[in-house]
Amino acid sequence: MLEKIGAAGFETLSKPNKEVMSCVGEILRSQNSITFYEIGVGVGATTLPVSKAISDSGANGRIIAFSRDRDVEELISNLNDRGYDFVEGIGSPGHTYSGYHFEMAVAFSKSELPEFDLAYLDGGHVFHLDASATCILKELCKPGGYIIFDDYHWSLRKSPTLNPKSNPQTCLDYDQNQIDASHVELICKTLMDTDPRYQLVDIKNGSAIYKRLPRSILAWDPAKTTCG
């Protein structure tokens, strides 16, 4: 998988998310351990530098990746080959309605998922997948931790591969409102902005950064947040 980073045809997937790297840096400067969730791994362009940052810091790290079975297995193998043995994953089969949202719900219901310091949601970007995942992520985020939503303004209409002109099946799978809507933005407005436990830190480079407020803080102080 990692060999695809920078390769022809994978240019848009080959850059690590800057906001994730900023948050990882902040967390590692303030504590000696980190648990990082990545939902949707792409070609590992973000997972690789996060792994390196954890290793270089000497922190006790744990990375949990959620994606299709084959992608998770290949990513873990590639990272293990580079000496990053703190990466694990939960994969999902390739059936139409399978996905990380369901696997995450099953694991959560069995109390098999740890709390995390940072989660990066860069999955399918559609409501039925990411709203489900968001409901679970909100309960697992540590106070003071972060959830980053990628592609805040993305829509099926704007997608080069899923817009109706390129993929007529999209018009059969989704109605016009769903095609035009920015699903991630809708999820953030309905599930994150309405939750008093969370504060929007910033929307930057297409990513929305949310922080779970420490239990001792009743009012958010942006001066205490450097991430993003």
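In case you missed it, the structure is sitting above this.
Residues numbered from 1 in each chain as written. Predicted model: local features only at pLDDT ≥ 70, side-chain atom pairs only at ≥ 80, totals over all residues. Heavy atoms only, no water.

**Topic: the overall build of the protein chain**
Here's step 1: On a plain count of helices and strands, the protein chain comes out with 8 helices and 7 strands.
Here's step 2: Against the globule reference of 17 Å for 228 residues, the protein chain gives a C-alpha radius of gyration of 17 Å, in line with a compact fold.
Here's step 3: Overall size of the protein chain, expressed as C-alpha extent along the three principal axes, is 50 × 45 × 35 Å.
Here's step 4: By sequence separation, contacts in the protein chain at least 24 residues apart represent 73% of the contacts at least 6 residues apart. (Helix = DSSP H or I, 4+ residues; strand = E, 2+ residues; numbered from the N terminus. Rg over C-alpha atoms; globule rule 2.2 N^0.38 Å. Contact = heavy atoms within 4.5 Å.)

**Observations concerning the pairing of strand β2 (residues 60-68)**
Here's step 1: Relative to β2, strand β1 (residues 33-39) runs parallel, the two sharing 7 bridges. The partner of I39 across the bridge, within β2, is F66.
Here's step 2: For the handedness criterion, the β-α-β arrangement of β1, helix α2 (residues 47-57) and β2 is classed as right-handed.
Here's step 3: The pairing of β2 with strand β3 (residues 87-92) spans 6 bridges and is parallel. Along β3, the bridge assignment pairs I63 with V87.
Here's step 4: Taken together, β2, helix α3 (residues 69-81) and β3 form a β-α-β motif whose crossover is right-handed. (Pairing = 2+ DSSP bridges. Right-handed = clockwise from strand over helix to strand, strands pointing away.)

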